[in-house]
Amino acid sequence: MASITFTHVNKTYPGNVETIPDLNLEIKDKEFVILVGPSGCGKSTTLRMIAGLEDITRGELRIGDRVVNDIAPKDRDIAMVFQNYALYPHMSVYKNIAFGLQLRKVPRDEIDRKVHEAARILDLEHLLDRKPKALSGGQRQRVALGRAMVRDPAVFLLDEPLSNLDAKLRTSMRTEISKLHRKLDTTFVYVTHDQTEAMTMGDRICVMKDGIIQQFDTPQVLYDSPCNLFVAGFIGSPQMNFINATIIQNGGCLTANFDQFALPLNAEKAKALESYVGKEVIIGIRPEDFMEVNGQPKDETITAMVDLAELMGAETYLYMDCAGIKLIVRMPSNVRPAEQEMYTVAVKVDKIHVFDKDTEQAICH
């Protein structure tokens, strides 16, 4: 049983620097949870508290049924994989993977079996005699994973393990780590600032800001129903477009008005926004929720100036200026309007997100 439970955990550094004010979080046994957020949000501090590398100022941390506040890192049944691999340069791959087991006086034949099993899973068998300097970045990261694996930990902690790799290697290593989680069937807690890693790997994602959990849910829920403006802007690439708009009663329906545009809101959104008539809100439209104009009503379209059309291969990103409002629009690759041209796009109005301007909390999706 390797669930992880934070109950009213606080972390304050000397000088009264509070990084985690009051953390309540429950990670289930065998779950793959991603801690994500901008630099300084407290995600690495949270991971290091699980590892025992940071003391807890107040509150209670449990791993399984044990309170581990005062238990040494070596006795917590965890293994941690760091950003910089932390391999011993003078040791072979075999010895790097085996080192922790040798310290624990594990019998030699068991060490050999575990090292070769980990090497087989991670495709390192042909590299066991090499030193780290003779390995690529991805191979070094797999060695670091292997060293953690052989300990059979109840919990794997991974602190931005892919940030030193190039883009192509990061993609393949994301797949490897996800496959490894399924094979080992144990609890993984993974820290990253890269929301693409978070979306593609985690069972659930914990979005943090200033040491406070903003939302903790599945990738799909975070994407479709962000609870506030911060989560909406952080999850999704390119990020969601935000527009200040006023909710107007227009005949029997409500519209979101900005500049000369009035986007109609469906009945479900209109009901949620009844008390906002005449008030300013923030509407959010994801880049992929625009499309080419193809018979849509005029009130479901926006015309703006194209600052840049960026071909991405299978699609084009249009960077547009709508009366001072900067928009990013995702279009098929064959759509290539000229720069400084006025161009009209249709909006999937059912996909509009609406946020309270004062609280920044979501009103409806």
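Each chain has its residues counted from 1, running along the sequence as written. Totals for whole chains, interfaces and linings use all residues, but because this is a predicted model, local features are given only for residues with pLDDT of at least 70 and pairs of side-chain atoms are given and counted only at 80 or more. Hydrogens and waters are ignored; side-chain quantities use all the structure's heavy atoms.

Engineer: Run through the overall build of the protein, naming residues and quoting values.
Structural biologist: When helices and strands are tallied, the protein shows nine helices and 21 strands. For the protein, the C-alpha atoms occupy an extent of roughly 80 × 45 × 35 Å along the three principal directions. The criterion used for residue contact is that any of the two residues' heavy atoms lie within 4.5 Å. Taking all contacts inside the protein whose residues are at least 6 apart in sequence as the whole, residues at least 24 apart take part in 65%. We get accessible surface area from the Shrake-Rupley algorithm with a probe of 1.4 Å; when it comes to residues, only the shown protein chains can shield them. Surface exposure of the protein reaches about 17100 Å², of which carbon and sulfur atoms provide 48%. By the counting rule applied here, Lys and Arg register as positive and Asp and Glu as negative, while His and the ends of each chain are not counted. The atoms used to mark charge sites are NZ of Lys, CZ of Arg, CG of Asp and CD of Glu. Here the protein carries 43 positive and 50 negative side-chain charges, and the mean point of each set is 8 Å from the other. Elements are defined by DSSP. Helices are runs of H or I of four residues or more, strands are runs of E of two residues or more, and each kind is numbered from the N terminus.

Engineer: Give a description of the environment of Lys 43 that names residues and reports values.
Structural biologist: By secondary structure assignment, the location of Lys 43 is in helix 1 (residues 43-51). According to the relative accessible area criterion, Lys 43 is buried, its value standing at 5%. Here the alpha-carbon distance between Lys 43 and Lys 168, two residues 125 residues apart in the chain, equals 25 Å. With sequence-adjacent residues up to four places away left out, Lys 43 is seen in contact with Leu 35, Val 36, Gly 37, Pro 38, Glu 160, Val 191, Thr 192, His 193 and Met 208. Accessible area is worked out with a 1.4 Å probe on protein chains only. A residue is then buried under 20% of its type maximum, exposed over 50%, and partly exposed in between.

Engineer: Before we move on, could you go through the nonpolar core and cite the residues and values that matter?
Structural biologist: Most often, soluble globular proteins keep nonpolar side chains buried together rather than apart. Residues grouped as a nonpolar core are buried Ala, Val, Leu, Ile, Met, Phe, Trp, Tyr and Cys residues, joined through side-chain atoms within 4.5 Å. Ranked by size, the top nonpolar core spans 46 residues in total, and within it Ile 34, Ile 97, Leu 145, Leu 158, Ile 177, Tyr 190 and Val 207 carry the most contacts. Among the nonpolar cores identified, the runner-up in size contains 35 residues, and Tyr 276, Ile 285, Ile 325 and Val 345 belong to it.

Engineer: Quick rundown of the pairing of strand 7 (residues 155-159)? Include the residues and the values.
Structural biologist: The element strand 7 is largely enclosed, with a buried count of five among its five residues. Going residue by residue along strand 7, you find Val 155, Leu 157 and Asp 159 tucked away on one face and Phe 156 and Leu 158 tucked away on the opposite face as well. Where strand 6 (residues 78-81) lies against strand 7, four bridges are found, and the strand directions are parallel. Following the sheet pairing, Ile 78 is matched in strand 7 by Val 155. Bridging between strand 7 and strand 8 (residues 187-192) involves five bridges; their strand directions are parallel. Note that in strand 8 the partner of Phe 156 across the bridge is Phe 188. When DSSP finds at least two bridges between two strands, those strands are taken to pair.

Engineer: Kindly report on the sheet that holds strand 15 (residues 290-292), identifying the contributing residues and their values.
Structural biologist: Read across the sheet, five strands follow the order 15-19-16-17-18 without closing on themselves; strand pairing throughout is antiparallel. Lying at the two open borders of the sheet, with one neighbouring strand each, are strand 15 and strand 18 (325-332). In this sheet, adjacent strand axes meet at a mean angle of 55° when their direction is disregarded. Here eight bridges tie strand 17 (residues 315-322) to strand 18, and the two strands are oriented antiparallel to one another. Axis geometry follows a simple rule: fit a line to the C-alpha atoms, using only the stretch in contact for helices, then measure angles between N-to-C directions, giving values from 0 to 180 degrees.

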